[in-house]
Amino acid sequence: MVEKVGCYSCLTALGLLRVSLIDQLEGRIDSLLEILVCREVFTRDDREEVLCKSGPRARVRTVLDIVTCKGEEAAKVFLSISRHQQETQERRTELSVDGFDEFRHCRSCDVDTFVTEPEEEANVVEVFGSLMQGELLPNVSVMLTSRPAAINHIPVGCIDRFVLIAGFSLTEVQDFFLRFFQDCAVAERTFAVVSANELMLTLCYIPAFCYIVCCILKESKDFCGEKPKTMTDIYVQYLVALLRSRTHARAEPFGREQGAMAVQPLSDVVLKLGQLAFQKLLVHQTLFYGSEADVAALAGCSLVSTFLDKTVAQEPGCTEEVYSFAHLTVQEFFAAVYYAVTDDPSPEVLQHGAELEGGGSNGHLDLFYRFLSGILSERNANLLSRQVGLCCQKDKVDNYRRRMVRELTTACENGAHILNHLHCLFEQQDPSLALSVQPKTLQVNVSDETLSQMDFNAIKYFLNLTKGEISELDLTGTGVSCEALRDIQPLLLRCNRLWLGENNVDMNTAHVIADVLQVSESITHLGLGWSDVGDDELLALSTAIGVKRNLQELWMEGNRVSYKGLLSLSDLTPNPLKKIVAIWNDLTDTDPYFFCPQESITVSFTDDGMWTAWGKWVFKRCEVSTNEKLVMVLRKVCNISVHCLEVEWAKAFYQQLSQLIKQRIECCTEDDMGRKLKKFEHILNH
């Protein structure tokens, strides 16, 4: 129901009511269009633009976009028409799709062919894509959950509301312990054990990890051996604790004759579970039918029920038993155990380095890689050997460690994305490995992913072990907060080039950056593009820049800076600030503070040589990006082609970019990603 939203303007109300309006109007979009044209809110061209869209929900979204562009009066008339058009709406059915990233076809759901009738036969991708985009069962609301790795494969046009679930708060962690143990004294005692370990407490903010930690402490009362330092440590403890519990006795150290007989059956079961987990993980499969050979091989083993959940699925003409691991991370852990203790079943799985050049990594195996690294660490390899009888070959451990150092060194020199490499290094917990990484230039690129506390822990672990200046730290589009920046402030002081664009830089965050600028002897380049910086934030930064006077370049594209804000930098140019880039800001000739920009202040694209260097930097970032990250960069840089395509540097830059896209398309095996890349290829070639 369309209601007046407080005392907001009609445009604001339109934004607040967008989700409910799409739901309400999709069934009567045609009549609504006719009324809008008759009332002269829309032109006939507007109507044609709407009708060109596929499906009623897409058309309603287009209507709302057009009304928003037309301004306050159009929004007022539109809301009035909507109120008069309201009909009694039935309660909507909600369809929950949990774990989109686990769907093997998650990268192919942005379909062009729709299924509109429930009785219509189609393949699963077309059915699911049509459901997501509201073309099939349009009166059903679809709620979809996913890990961040698969978010880019959800068609942007069908997202009406986006929610980032941050996990438990500290109070909720305590409440979970109380609910799990159902005894206040026991819950308090076990929570005290966890609180004494910073990593454990951090992991407990993630509900699945919190459950696993509780399982360990319920079965073992305490931890086996060293206190857990990493995620893999916790899962190894989980495995050992449950095996102990189910066999009602602690296994003797592997190697004694009697112990070997007792342990061997356990190792066999774990290997079979690991083989199942590994083979199914590679094909995005999390549900396993009892009729499958590798599942049937586990029949009759009582330990299987400890790690696999069983349900019954109704299939045409029969019922089948369906199994799954308690959580996807448990499957990823067992898969890593299997890979670590057997001869490489699929050597190509570890081709990290090849992914850096080919854009092939999609995040699907990220946690598998982290678990594998942790299992191949000395402490966990020893624990699995003693407690479960599973041994990692020394050659495999040594080869893996050499590979890790080599790949991380190359990534740091190239400026490639290294977040998962840093997690793998963290899982090893061996300072000598980090010290062995000695790139010619230390470029740390963790951009374009919302960083969690666990991510920052991995970043800090690596950089605290390295010495000297950090050539470049790229935190673009990471959702980094004021508190997170303050936490890593000692690292920021070591940076030459610091990129913080596409984050929300409010006044508090600006003050943290200002604190760095006032103290750092190293920082020469600062990037704040598309970070919502206004004149007030810029004033705070300009005052700080004047203290050390070391900053040479300030990039702040796509912000809210006016000529008044730029005036605060006038005394800092051309020394120390040799270059200020302020394209796509609130700079107009009618601004009362208007002034002719100095040579060092750039407010529009030119044929200056600086843009050649800019193009090289962007292209280098594109070269080392995965296809997903490449698309994110292309969405920004392709917008400037209409302004400066005739300039020489732009011609060369876009020709290079077009050739790179062509190469990626030739190697791309995913239809959805191929379509996205071809779209940008078309933009650049026409």
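Structural notes, computed from the coordinates.

Cut-off values and rules
Residues numbered from 1 in each chain as written. Predicted model: local features only at pLDDT ≥ 70, side-chain atom pairs only at ≥ 80, totals over all residues. Heavy atoms only, no water. Axes fitted to C-alpha atoms, helices over the stretch in contact; angles between N-to-C directions. Helix = DSSP H or I, 4+ residues; strand = E, 2+ residues; numbered from the N terminus. Parallel < 35°, antiparallel > 145°, perpendicular 65-115°, else oblique. Left-handed = near helix turned anticlockwise from the far one by under 90°. Contact = heavy atoms within 4.5 Å. Nonpolar A, V, L, I, M, F, W, Y, C, P; charged D, E, K, R; others polar. Buried < 20%, exposed > 50% of the residue type's maximum accessible area, 1.4 Å probe, protein only. Pairing = 2+ DSSP bridges. Salt bridge = Lys/Arg side-chain N within 4 Å of Asp/Glu carboxyl O. Patch = residues over 30% accessible without salt bridge, like charges linked within 9 Å, V, L, I, M, F, W, Y side chains within 5 Å. Areas by Shrake-Rupley, 256 points an atom, 1.4 Å probe, with all protein chains shown as cover. Core = buried A, V, L, I, M, F, W, Y, C linked by side-chain atoms within 4.5 Å. Right-handed = clockwise from strand over helix to strand, strands pointing away. Phe/Tyr/Trp six-rings, centres within 6.5 Å; stacked < 30°, edge-to-face > 60°. Lys NZ or Arg CZ within 6 Å of the ring centre and 35° of its normal.

## Some remarks on the packing of helix 20 (residues 394-414) against helix 21 (residues 419-428)
Then, in step 1: Axis separation between helix 20 and helix 21 bottoms out at 11 Å; the angle between their running directions is 140 degrees. As the angle between them shows, helix 20 and helix 21 are arranged oblique. Relative to helix 21, the crossing made by helix 20 is left-handed. Here Y400, R401, M404, E407 and L408 of helix 20 come into contact with helix 21, specifically with H421, L422, C424, L425 and Q428.
Then, in step 2: Across the contact of helix 20 with helix 21, the residue classes break down as six nonpolar, two polar and two charged.

## Concerning the side chain of N457
Then, in step 1: Residue position: N457 is located in helix 23 (residues 453-465).
Then, in step 2: By relative accessible area, which is 16% here, N457 ends up buried.
Then, in step 3: Among all residues touching N457, those that are not within four sequence positions of it are T202 and F426.

## Let's talk about the sheet that holds strand 12 (residues 601-602)
Sheet strands pair by backbone hydrogen bonding; their relative direction is either parallel or antiparallel.
Then, in step 1: Strand order in the open sheet made by the seven strands is 6-7-8-9-10-11-12, with parallel pairing throughout. With one partner strand each, in any of the chains shown, strand 6 (443-445) and strand 12 form the two edges of the open sheet.
Then, in step 2: Pairing of strand 9 (residues 525-527) with strand 10 (residues 553-555) involves three bridges; the strand directions are parallel. Residue pairing for strand 10: H525 is matched across the bridge by E553.

## What about the environment of T450?
Then, in step 1: Mapping T450 onto the fold places it in the loop between strand 6 and helix 23.
Then, in step 2: As for T450 and G477, which are separated by 27 residues in sequence, their C-alpha atoms are 7.1 Å apart.
Then, in step 3: If sequence neighbours within four positions are ignored, T450 has contacts with L164, D455, G477 and T478.

## Digging into the pattern of salt bridges
Then, in step 1: Summed over all chains, the structure comprises 17 salt bridges.
Then, in step 2: We note a salt bridge from D65 to R18, for which the minimum N-O separation is 3.2 Å. Placement of the pair is D65 in helix 5 (residues 56-70) and R18 in helix 2 (residues 18-25), with a sequence separation of 47 residues.
Then, in step 3: Looking at D65, the relative accessible area reads 39%, which means it is partly exposed.

## Quick word on a nonpolar patch on the surface
Then, in step 1: Taken together, the side chains of I159, F162 and L164 define a hydrophobic patch exposed on the protein surface, amounting to about 310 Å² of accessible area.
Then, in step 2: Relative to the helices and strands, I159 resides in the loop between strand 2 (140-144) and helix 8 (170-181).

## Side note on the nonpolar core
Then, in step 1: Counting residues in each nonpolar core, the largest one holds 141 residues, and the members touching the most others are F177, F334, F368, F462 and L566.
Then, in step 2: When residues in this core are grouped by element, the largest group, eleven residues, is from helix 16 (residues 328-341).
Then, in step 3: Once residues within four sequence positions are removed from consideration, L566 is found in contact with L538, M556, V561, A582, L587, F595, I601 and V603.
Then, in step 4: Core analysis: the next-biggest nonpolar cluster, separate from the first, contains 31 residues, W499, V618, F619 and L630 among them.

## With respect to the pairing of strand 1 (residues 93-97)
Looking down a regular strand, the side chains alternate between one sheet face and the other.
Then, in step 1: Judged from the five bridges that link them, strand 1 and strand 2 form a sheet pairing that is parallel. When the sheet's bridge partners are listed, E94 is paired in strand 2 with S141.
Then, in step 2: Between strand 1 and its parallel partner strand 2, the chain crosses via helix 7 (residues 124-132), and the hand of that crossover is right-handed.

## A word on the pairing of strand 8 (residues 495-499)
Then, in step 1: In terms of burial, strand 8 is largely enclosed, as four of its five residues are buried.
Then, in step 2: With four bridges joining them, strand 7 (residues 470-474) and strand 8 adopt parallel strand pairing. Of the residues in strand 8, the one forming a bridge with E472 is R497.
Then, in step 3: Note: strand 8 against strand 9, three bridges, orientation parallel. Across the sheet, residue R497 finds its bridge partner in strand 9, namely H525.
Then, in step 4: Handedness of the crossover is the feature at issue here: the chain leaves strand 8, passes through helix 26 (residues 507-519), returns alongside strand 9, and the resulting connection is right-handed.

## Some details on the packing of aromatic side chains
Then, in step 1: This structure, assessed with the given rule, holds 26 aromatic pairs.
Then, in step 2: Centre to centre, the rings of F278 and F368 are 6.0 Å apart; their planes meet at 40 degrees, and the pair counts as tilted. Taken as a pair, F278 in helix 13 (residues 257-282) and F368 in helix 18 (residues 366-375) lie far apart in primary sequence, 90 residues in all. No difference in accessibility class separates F278 from F368, as the two residues are buried.
Then, in step 3: Relative to F653, the ring of W649 has its centre 6.4 Å away and its plane inclined at 40 degrees; by these criteria the two rings are tilted. Taken together, the residues span about one helical turn, with W649 and F653 both in helix 32 (residues 648-667) at a distance of four residues. The two residues W649 and F653 agree in class, both being buried.
Then, in step 4: What links up through ring pairs into an aromatic cluster is the set F209, Y235, Y238, F288, F307, F325, F333, F334 and F371.
Then, in step 5: Across from the ring centre of F680, 6.0 Å away, lies the NZ or CZ of K679, which sits over that ring.

In short, shape yes, function no, at least from these values alone.
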